[in-house]
Amino acid sequence: MKLSNLWKEKEVTLSFEAFPPKKDSDFASVAIAVEKIAQLKPDFMSVTYGAGGGTSAYTTQIAQIVQGQGVTALAHLTCVSSDRQRIHHELDTLRQAGIENILALRGDYPEGYDPAAPRDYRYARDLVEDIRAYGGFAIGGTCGVRQPGRGPAPPEGEGGLRRGLLGDPDVL
């Protein structure tokens, strides 16, 4: 189920978040934990992308386990250290896995990151716009506290924030 529809139907929802393992050897324990949490019947479970995208390969696999338990999955997708080709590969993988919901995030700057260097995605809004053009996903956006002097100042109100900084995701 697309989360944009869920939130139209329910005023209050319950969710949990799963984190990919840092080591391959820990994947089985994460899978077992996800299965146990799914027994609590949350409305959805989000699956993070892993710090710096380092464990992102597990995001789709864990999201598939979530959905295999009858719970809607929300896969995180970050763009700060990705190019368009990699993002489209991730979107292809998520679509093939039957995942319909993406939380589009810029992500944390990895060590040695040069924010001034040319890249396909500078902000989450660039990712949201690309996912929307790709089609077929409910897109979530989020925002954090802006540190003075870092990044653009947010436009006034939620509408300005949605369009200006986040590329107008389906849910905020």
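See the structure above.
Residues numbered from 1 in each chain as written. Predicted model: local features only at pLDDT ≥ 70, side-chain atom pairs only at ≥ 80, totals over all residues. Heavy atoms only, no water.

Caption draft 1: Main features of the pairing of strand β3 (residues 72-78). Most of β3 is tucked away, with seven of its seven residues classed as buried. The two faces of β3 match: T72, L74, H76 and T78 on one face and A73, A75 and L77 on the other face are all buried. Both strand β2 (residues 44-47) and β3 contribute to a ladder of four bridges, which runs parallel. The residue bridging M45 from the neighbouring strand is A73, located in β3. Both β3 and strand β4 (residues 101-105) contribute to a ladder of four bridges, which runs parallel. Bridging from a neighbouring strand, A75 pairs with I102 of β4. Handedness of the β-α-β unit built from β3, helix α4 (residues 84-96) and β4 comes out right-handed. (Buried < 20%, exposed > 50% of the residue type's maximum accessible area, 1.4 Å probe, protein only. Helix = DSSP H or I, 4+ residues; strand = E, 2+ residues; numbered from the N terminus. Pairing = 2+ DSSP bridges. Right-handed = clockwise from strand over helix to strand, strands pointing away.)

Caption draft 2: Structural detail: the side chain of T59. Examined against the element boundaries, T59 turns out to sit in helix α3 (residues 57-68). Exposure remark for T59: the relative accessible area of 2% places this residue in the buried category. Polar side-chain contacts of T59 include one of 2.8 Å to the backbone oxygen of T48. In this structure T59 touches P20, V47, T48, Y49, A75 and H76, once residues within four positions along its chain are discounted. (Polar contact = N/O pair within 3.5 Å; in protein donor to acceptor, adjacent residues only side chain to side chain. Contact = heavy atoms within 4.5 Å.)

Note that all results are geometric; they support no functional claim without further evidence.
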